[in-house]
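# Structural overview for review
Residues per chain, in single letters:
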Amino acid sequence: MTTMLEVAKRAGVSKATVSRVLSGNGYVSQETKDRVFQAIEESGYRPNLLARNLATRRTQTLGLVVTNTLYHGVYFSELLFHAARMTEEKGRQLILADGKHSAAEEREAIQYLLDMRCDAIIIYPRFLSVEEMDNIIQKHEQPIMVLNRRLRKNSSHCVWSDHKASCQAAVSQLIDMGHRDIAFITGSLDSPTGIERLSGYKDALAQHHIPLNDALIVEGKWNPESGALGVSTLLSRGETFTALVASNDDMAIGAVKQLHDSGVATPGQVSVIGFDDVSIAPYIIPSLSSVRIPVTEMIKEIISRLIFMLDGGDFTLQQTFSGELILRDSVIAGPHV
């Protein structure tokens, strides 16, 4: 195995110079760097990462905790793609830890990344409470940022979208377009996002003085099958509705398919809106109207903040990202225009 000393001899420099080039600490001329990297390539030398990490106190890694209930579906694949791409752009490696099925397991995943000496950690929580995450952030030196949840004590350590306001705006748009009987398929109601979007639906109805009809609400599980089942349940209740909002695009796509199979035309008889504006939304028939949550921008912001913190900076601001309703073919005017 090639050693650092052999690389130094091949490059005509000292071992200390090779160390400075690899760690990025201290000034080394570009000419010398080029010679060192050429010697590394020619010799096949691989640095001892553990030794380098102990010396520099950096692993050049960012950790990401996500519960595995999000792995199945288009939304998570887009989230992970953007997180990995932006981490790579910052010259770092992304390490994924599974938060599994409980707050305790989410805490274990965070501790695993801390034990792995990740330079910083991103949490996309489902089970941990706001209070628990605030405590975790305050207990540890490594920068920790929370994605998609609003914190109380550490507001600069979170980047989030106001799902309640976004849903309220989407439902209000349907009402303005002449719809009054609007059905709603919730997400899982053990999910803060699911609860917030349901709350936004109810607030929009109240804002426009439309009585809440609980029979027009069914619970989904974020997947297409539950969207289809939700439509079957609504139709079996004999309820009349001219519009339907699903808490994510997967369920909306399942809902459109079940409406079609049940002889109900979209958008001719029922307009449909989803959430997240996944990449396939414009390409189904009819093209799906959806509330776009700016996941790319949120991840870019959160990674930029972590890198800034690692470089000694600090944030005191809190940033909210707003959703935007993208209207496509699945929505038309209702009967009360």
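This write-up is about the structure you can find in this document. (Residues numbered from 1 in each chain as written. Predicted model: local features only at pLDDT ≥ 70, side-chain atom pairs only at ≥ 80, totals over all residues. Heavy atoms only, no water.)

### So, the overall build of the protein
Rules: Numbered from the N terminus, helices here are DSSP runs of H or I no shorter than four residues, and strands are runs of E no shorter than two. As a reference, a globule follows 2.2 Å times the number of residues to the power 0.38, and the radius of gyration itself is taken over C-alpha atoms. Between buried and exposed lies partly exposed: a residue is buried under 20% and exposed over 50% of the maximum accessible area for its type, with that area taken using a 1.4 Å probe on protein chains only. Residues are treated as being in contact if the distance between any of their heavy atoms lies within 4.5 Å. All accessible areas in this document rest on Shrake-Rupley with a 1.4 Å probe, and a residue is counted as covered only by the protein chains that are shown. We score Asp and Glu as negative and Lys and Arg as positive, and we do not count His or the chain ends. Note that the charge is assigned to NZ on lysines, CZ on arginines, CG on aspartates and CD on glutamates.
Summing up its helical and strand segments, the protein has twelve helices and twelve strands in all. Relative to the globule expectation of 20 Å for 337 residues, the C-alpha radius of gyration of the protein, 25 Å, shows a markedly less compact shape. With the C-alpha coordinates aligned to their principal axes, the bounding extent of the protein is approximately 80 × 40 × 30 Å. Going through the 337 residues of the protein one by one, you find that 50% of them count as buried. Counting only contacts in the protein whose residues sit at least 6 apart along the sequence, the fraction spanning at least 24 positions is 68%. If you sum the accessible surface of the protein, you get close to 16,200 Å²; carbon and sulfur atoms cover 51% of it. Measuring between centres, the 33 positive side-chain charges of the protein sit 8 Å from its 39 negative side-chain charges.

### Concerning helix 8 (residues 163-176)
Rules: Any helix carries an expected span of 1.5 Å times its number of residues minus one.
Taking 1.5 Å per residue, 14 residues should reach 20 Å; helix 8 reaches 20 Å between its end C-alpha atoms and fits that length. Every buried residue of helix 8 is accounted for by His-163, Ser-166, Cys-167, Ala-170, Val-171, Ser-172, Leu-174 and Ile-175. Positive backbone phi, approximately 105°, marks Gly-178, located one or two places after helix 8.

### Remarks on the sheet that holds strand 6 (residues 182-186)
Quick reminder of the rule: Strand pairing follows a simple DSSP-based rule, namely that at least 2 bridges must link the two strands. Only the stretch in contact is used when fitting a helix axis, every axis being a line fitted to C-alpha atoms; angles between N-to-C directions are given from 0 to 180 degrees.
What the six strands build is an open sheet, ordered 7-6-8-9-10-12; its pairing is mixed. Among the strands making up the open sheet, the edge pair consists of strand 7 (217-219) and strand 12 (324-326). With direction set aside, neighbouring strand axes in the sheet form an average angle of 20°. Bridge analysis of strand 6 against strand 8 (residues 243-246) gives four bridges, and the strand direction is parallel. When the sheet's bridge partners are listed, Phe-184 is paired in strand 8 with Val-245. Contacts from helix 11 (residues 249-261) reach strand 6, strand 8, strand 9 (271-275) and strand 10 (289-292) within the one sheet, and its direction differs from that of strand 9 by about 155°.

### Notes on the packing of helix 8 against helix 9 (residues 192-207)
Note the following rule: Angular relationships are summarised with four words: roughly parallel below 35 degrees, roughly antiparallel beyond 145, roughly perpendicular across 65 to 115, and oblique for the angles in between. Left-handed describes a crossing in which the near helix is turned anticlockwise from the far one by less than a right angle; the clockwise case is right-handed. Amino acid classes used here: Ala, Val, Leu, Ile, Met, Phe, Trp, Tyr, Cys and Pro are nonpolar; Asp, Glu, Lys and Arg are charged; the rest, including Gly, are polar.
The interhelical angle for the contact between helix 8 and helix 9, taken along N-to-C directions, is 40°, at an axis separation of 7 Å. What the angle tells us is that helix 8 and helix 9 run oblique. In this structure, the crossing between helix 8 and helix 9 has a hand that is right-handed. For the pair helix 8 and helix 9, the contacting residues are His-163, Lys-164, Cys-167, Gln-168, Val-171, Ser-172 and Ile-175 in the first and Thr-193, Glu-196, Arg-197, Ser-199, Gly-200, Tyr-201, Asp-203, Ala-204, Leu-205 and Gln-207 in the second. In terms of residue class, the contact of helix 8 with helix 9 is built from six nonpolar, seven polar and four charged.

### A word on the pairing of strand 8
Consecutive residues of a regular strand have side chains that alternate between opposite faces of the sheet. Using the following cut-off: Call a crossover right-handed when, viewed with both strands pointing away from you, the route from the first strand across the helix to the second goes clockwise.
Judged by which residues are buried, strand 8 turns out to be covered on both faces: Ala-243 and Val-245 on one side and Leu-244 and Ala-246 on the other are all buried. Between strand 8 and its parallel partner strand 9, the chain crosses via helix 11, and the hand of that crossover is right-handed.

### Some thoughts on helix 10 (residues 224-236)
For helix 10, built from 13 residues, the straight-helix expectation of 18 Å at 1.5 Å per residue is met to within 8% by its first-to-last C-alpha distance of 19 Å. Buried residues of helix 10: Ser-226, Gly-227, Ala-228, Gly-230, Val-231 and Leu-234, and no others. Against strand 6, strand 7, strand 8 and helix 11 lie the buried residues of helix 10. Gly-238 lies just past helix 10 and shows a positive phi near 75°.

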